[in-house]
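Structure at a glance
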Amino acid sequence: MGFLTTKDMGIDLGTANTLIYVKDVGIVLNEPSVIALDKRRNVIIAVGEAAKEMIGKAPDNILVVRPLRDGVISDFDRTADMLKAFISRATSSNRIRNFRVVVGVPSGVTNVEKKAVEEVVRQMGASEVFILEEPMAAAIGAGLDVDSSTACMIADIGGGTTDIAIIALMGIVNKTSIRHAGDKFNDAIIQYIRKRYSLNIGEKTAERLKIEAGAACLDVDENGEEIIETVKASGLDLLTGLPKVIDVTNRDIMLGLQESIDIVIDGVKTTIEEAKPEIAADIAANGMVLAGGGAMIKNLDKLITKRTGIAARVAENAFEAVAIGTGISLNDIEKLKIYASSVKRR
């Protein structure tokens, strides 16, 4: 196979998942941001879903790593290895050159952290790298008019960070980045189940409970009674040290998530409070959009609306919004240069 020359791509390099969007094709890869290595042979044995399946189960000689923490690269070499494998998989080639890449990063990352991301992508052979802040990418991906003088607002709740931004005239005018999102939600569920039921559950179980039973507030029936649902949770009984399966309710998960949800809503309030009056008026009139995996927690949009008075709705493509936004932005490079900071390969 010869060199593939034009494979411009957008990458949502997320703490929990990495998504790759290839221009004129769409999303071609959506995998957990996990890599597994055999320490004895110093070789990569799995990336993505296959590596995630090893979490909490691997023997001592296998190291399972999530190389991004809180939205930033915590292990540069492993991130590079993982991304190289993903790009090869996404393009069916490991000899792709001279392509442009847009990478979505949290709005709170430092210039040093941005440089680290750029360096990883340049090592893959990219000729030009654009760094797009995730709320801008999510807004573009969710179909908001980021070029308009009428402000729009988005909250992107990912795995490592919650990025909240108000955007107008092709730029972010107000933003709040909180290193508190999906991973912290999982941790909160683990702590709650441990405290309430004396059961030690793993990270994957907590994530499943969040997806299946997570809610910001509970639905009620026609009599005003909360609708309670149960799911199974398995773990180690802290009293006996033996495996145990229990029933957990959606109310349990709601209570476990309460503090985390409050932190996100406080971030929304802070962003609005810091906005100029004209900007705040636009948001009051048009509401806000939620994106990212965390946006899909049941009734989060309703609770934000209730607590802030700002009408919140979940983007139709919430999970893929950042990746789609990075990809769509490649259609107009001149605009992209305004949206993002561009670093050319030396």
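Our structure's up above, just so we're on the same page.
Residues numbered from 1 in each chain as written. Predicted model: local features only at pLDDT ≥ 70, side-chain atom pairs only at ≥ 80, totals over all residues. Heavy atoms only, no water.

1. Digging into the overall build of the protein chain
If you tally the helices and strands in the protein chain, you get 11 helices and 19 strands. On the principal axes, the C-alpha backbone points of the protein chain span a range of 60 × 60 × 30 Å. Within the protein chain, the fraction of its 346 residues that count as buried is 53%. Partitioning the intrachain contacts of the protein chain with sequence separation of at least 6 by distance along the chain shows that 64% fall at a separation of at least 24. A total accessible area of about 15700 Å² is found for the protein chain, and carbon and sulfur atoms account for 49% of it. (Helix = DSSP H or I, 4+ residues; strand = E, 2+ residues; numbered from the N terminus. Buried < 20%, exposed > 50% of the residue type's maximum accessible area, 1.4 Å probe, protein only. Contact = heavy atoms within 4.5 Å. Areas by Shrake-Rupley, 256 points an atom, 1.4 Å probe, with all protein chains shown as cover.)

2. Structural notes on the packing of aromatic side chains
By convention here, two paired aromatic rings are described through the distance between centres and the angle between planes. Per the stated rule, a full pass over the model turns up zero aromatic pairs. Above the ring of Tyr197, the side-chain terminus of Arg196 is found at 4.7 Å from the ring centroid. (Phe/Tyr/Trp six-rings, centres within 6.5 Å; stacked < 30°, edge-to-face > 60°. Lys NZ or Arg CZ within 6 Å of the ring centre and 35° of its normal.)

3. Quick notes on the packing of helix H5 (residues 182–197) against helix H7 (residues 250–273)
Following both chains from N to C, one finds H5 and H7 inclined at 140 degrees, their axes separated by 8 Å at the closest point. Classified by the angle between their axes, H5 and H7 sit oblique to one another. Taken as a pair, H5 and H7 cross one another with a handedness that is right-handed. Within the contact between the two elements, H5 uses Lys184, Phe185, Ala188, Ile189, Tyr192, Arg196 and Tyr197 and H7 uses Asp252, Ile253, Leu255, Gly256, Leu257, Ser260 and Val264. (Axes fitted to C-alpha atoms, helices over the stretch in contact; angles between N-to-C directions. Parallel < 35°, antiparallel > 145°, perpendicular 65-115°, else oblique. Left-handed = near helix turned anticlockwise from the far one by under 90°.)

4. What to know about the side chain of Thr161
Looking at the element boundaries, Thr161 is found in the loop between strand E11 (152–157) and strand E12 (162–168). A polar contact is formed between the side chain of Thr161 and the side chain of Asp163, at a distance of 3.0 Å. (Polar contact = N/O pair within 3.5 Å; in protein donor to acceptor, adjacent residues only side chain to side chain.)

5. Focus: the pattern of salt bridges
Evaluation of the coordinates by the stated rule reveals 23 salt bridges. The shortest N-O distance in the salt bridge between Lys337 and Glu334 comes to 3.7 Å. With Lys337 and Glu334 both in helix H11 (residues 333–339) and three residues apart, the pair spans about one turn of that helix. Exposure remark for Lys337: the relative accessible area of 37% places this residue in the partly exposed category. Since its relative accessible area comes to 55%, Glu334 is described here as exposed. (Salt bridge = Lys/Arg side-chain N within 4 Å of Asp/Glu carboxyl O.)

6. Brief notes about unusual backbone geometry
Even without being glycine, Met170 reaches a positive phi, approximately 70 degrees. Structurally, Met170 can be placed in the loop between E12 and strand E13 (171–178).

7. Some thoughts on the sheet that holds E12
Pairing in this open sheet of five strands is mixed, and the strands run E13-E12-E11-E17-E18 from one edge to the other. At either end of the open sheet lies a strand with only one pairing partner, and these are E13 and strand E18 (312–314). This sheet shows a mean twist of 20 degrees between the axes of neighbouring strands, independent of strand direction. Relative to E18, strand E17 (residues 288–291) runs parallel, the two sharing three bridges. Opposite Leu290, over in E18, you have Val314 as the bridge partner. This element, helix H9 (residues 300–308), spans E11, E17 and E18 of the sheet and lies at about 170 degrees to E18. (Pairing = 2+ DSSP bridges.)

As far as function goes, none of this settles anything; it's purely spatial.
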